[in-house]
Amino acid sequence: MANRVLNVDSCAILMMSLGEDGAAEVFKYLTAGEVQQVGTAMANLKHITRQDVDEVLEAFRVEADQFIAVTVGSNDYIRAVLNKALGNDRAAGLIEDILDADSGTKGIDALNWLEPSSVAELIADEHPQIIATILVHLERDRASAILTLLNERLRNDVMLRIATFGGVQPAALHELTEVLNGMLSGQGTKRSKMGGVHAAAELLNFMNTADEEAAIASLRELDADLAQRIVDEMFVFENMIDLEDFAIQLVLKETNTDSLMIALKGSAEELREKFLKNMSNRAAEMLREDIDAQGPVRVSRVEEEQKKILQIARRLAETGQFTLGSLGNDEYV
């Protein structure tokens, strides 16, 4: 959006002119860094004229009278837009950073744009509590990839600390991000209210099955009750049987047919039918035939494809398109 002619302030004016639903839809297609930059600029807008709006719209060669004048400087508006775009949980920390001009925390989020191997090398010698503090502030899939690259003993220690993470003092978080700012050109960080059992479960959801099982086994030895609470929070492929039909249909739109065929080959018949009934009759029949004709497939391959579909489901849920819901008290096997 800003790559052609608009600076960040102009982007903010444009977003304010779109209304909550329109702006929320645009935010879905921005990176975390772009959301941070544009959201901050929106929060800083105090007064704009119709002429300002017209000039921004003209940059997009769109007729000015297709848009309405906007009211700016509203924290409620910004909260509503980000909540609609990202969901309440993901937006919570970001909203605080945007609306708090004195937060001064600008380092950790930059790690989201580095290769996991680079981040793992950067933090591997730090105290496990510091590593846990950093990881709970990163995107879940990125943090999981970094965690996987740590040695097993350190990984299990960090996972335990993430699961029992109760937050961090603002002064300590500020000091940590200042250190990172000395090494990186950061773009902003979410404030810490992000640890705990749910964060640990989300990280495990992105791991491959072998590492996931090893981490949970280690946690069971240290604290069986905590391990079970983490498992109860996890959303696994078998849990997709509990999704509404419209949610399955949304997942199917973004799922590769070959990936689905392999994932369903290793699933229970009931779950397989859940997917097939949400496809057209012709597509469902073709998939049934392909599954039946498919030769033996390694379990690891099945699990890999199931993970891919799970990641699609989580991403759609995070953007508010449906709710994953409670996972109940199923035992982990």
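A. The overall build of the protein, seen in detail. Scanning the protein from N- to C-terminus turns up 18 helices and zero strands. Considering only residue pairs separated by 6 or more positions, the protein has 79% of its internal contacts joining residues 24 or more positions apart. Carbon and sulfur atoms make up 47% of the accessible area of the protein, which amounts to about 17,200 Å² in all.

B. Looking closely at the confidence of the model for the protein. Averaged over all residues, the pLDDT of the protein is 76; the fraction at 70 or higher stands at 77%. Looking over the protein, one finds the lowest element-wise mean pLDDT in helix α5 (residues 88-99), namely 58, and the highest in helix α14 (residues 245-253), namely 92. Confidence drops under pLDDT 50 across residues 1-5; counting only partners more than four residues distant or on other chains, this segment forms nine contacts. Predicted confidence is poor over residues 62-73, with pLDDT under 50, and the contacts of this stretch with residues over four places away or in other chains come to 24 contacts.

C. Structural context of the pattern of salt bridges. Across all of its chains, the model carries 12 salt bridges by this definition. A salt bridge links Glu269 to Arg272; the nearest nitrogen and oxygen atoms lie 3.9 Å apart. You can see Glu269 and its partner Arg272 sitting in helix α16 (residues 269-276), three residues apart, about one turn around the helix. On the accessibility criterion, Glu269 (47% relative accessible area) is partly exposed. Using a relative accessible area of 14% as the deciding quantity, one classes Arg272 as buried. Sharing partners across several salt bridges, the network here consists of Asp245, Lys274 and Lys277.

D. Broad picture of helix α12 (residues 209-222). Between the first and last C-alpha of α12 there are 20 Å, a value that for 14 residues agrees with the 20 Å anticipated at 1.5 Å per step. Along α12, the residues classified as buried are Thr209, Asp211, Glu212, Ala215, Ile216, Ser218 and Leu219. Buried residues along α12 sit in contact with α8 (140-149), α9 (152-163), α11 (197-205), α13 (224-233) and α18 (299-318).

E. Looking closely at the packing of α8 against α11. Where α8 meets α11, the axes come as close as 8 Å, and the angle between the chain directions of the two elements is 70°. Considering their axes alone, α8 and α11 lie roughly perpendicular with respect to each other. Residues Arg140, Ala143, Ser144 and Leu147 of α8 lie in contact with α11, whose contacting residues are Ala199, Glu202 and Leu203.

F. Focus on the nonpolar core. Counting residues in each nonpolar core, the largest one holds 38 residues, and the members touching the most others are Leu135, Val158, Ile162 and Ile230. No other element matches the six residues that α11 contributes to this core. Beyond its immediate chain neighbours, meaning those up to four positions away, Ile230 contacts Ala163, Val197, Ala200, Ala201, Leu204 and Leu219. Counting 28 residues, the second-largest nonpolar core is a separate cluster that includes Ala247, Leu276, Ile312 and Ala317.

G. Structural view of the side chain of Lys307. Looking at the secondary structure, you find Lys307 in helix α18. The class for Lys307 is buried, based on a relative accessible area of 12%. The contact partners of Lys307, leaving out residues within four places of it in the chain, are Leu204, Asn205, Met207, Asn208, Thr209 and Glu212.

H. Molecular detail of the packing of helix α7 (residues 128-135) against α9. Across the interface, α7 lies against α9 with an axial gap of 9 Å and an inter-helix angle of 60°. When you trace α7 past α9, the crossing you get is right-handed. Contacts from Pro128, Gln129, Ile131, Ala132 and Leu135 in α7 reach Leu154, Asp157, Val158, Arg161 and Ile162 in α9. Residue composition of the contact of α7 with α9, by class: seven nonpolar, one polar and two charged.

I. Structural detail: the environment of Lys253. Among the structural elements, Lys253 can be located in helix α14. Between the C-alpha atom of Lys253 and that of Met279, which follows or precedes it by 26 residues, the distance is 9.8 Å.

J. Up close: helix α3 (residues 50-59). Val53, Val56 and Leu57 are the residues of α3 that are buried. The buried residues of α3 all sit within an arc of 95° when viewed along its axis, so they share a single face. Set apart from the buried face of α3 by more than 90 degrees, the exposed residues are Gln51 and Glu58.

K. Here's a closer look at the environment of Leu243. Mapped onto the elements of the fold, Leu243 is located in the loop between α13 and α14. Contacts of Leu243, omitting those with residues within four sequence positions, involve Phe235, Ile248, Lys274, Phe322, Thr323 and Leu324.

L. Broad picture of the environment of Ser218. Tracing the sequence through the fold places Ser218 in helix α12. Classification of Ser218 by relative accessible area gives buried; the value is 16%. Remark: the alpha-carbon pair of Ser218 and Arg155, spanning 63 residues in sequence, is separated by 10.0 Å.

Conventions we followed
Residues numbered from 1 in each chain as written. Predicted model: local features only at pLDDT ≥ 70, side-chain atom pairs only at ≥ 80, totals over all residues. Heavy atoms only, no water. Helix = DSSP H or I, 4+ residues; strand = E, 2+ residues; numbered from the N terminus. Contact = heavy atoms within 4.5 Å. Areas by Shrake-Rupley, 256 points an atom, 1.4 Å probe, with all protein chains shown as cover. pLDDT = per-residue confidence, 0-100. Salt bridge = Lys/Arg side-chain N within 4 Å of Asp/Glu carboxyl O. Buried < 20%, exposed > 50% of the residue type's maximum accessible area, 1.4 Å probe, protein only. Expected span 1.5 Å × (residues − 1). Axes fitted to C-alpha atoms, helices over the stretch in contact; angles between N-to-C directions. Parallel < 35°, antiparallel > 145°, perpendicular 65-115°, else oblique. Core = buried A, V, L, I, M, F, W, Y, C linked by side-chain atoms within 4.5 Å. Left-handed = near helix turned anticlockwise from the far one by under 90°. Nonpolar A, V, L, I, M, F, W, Y, C, P; charged D, E, K, R; others polar. Arc of directions from axis to C-beta.

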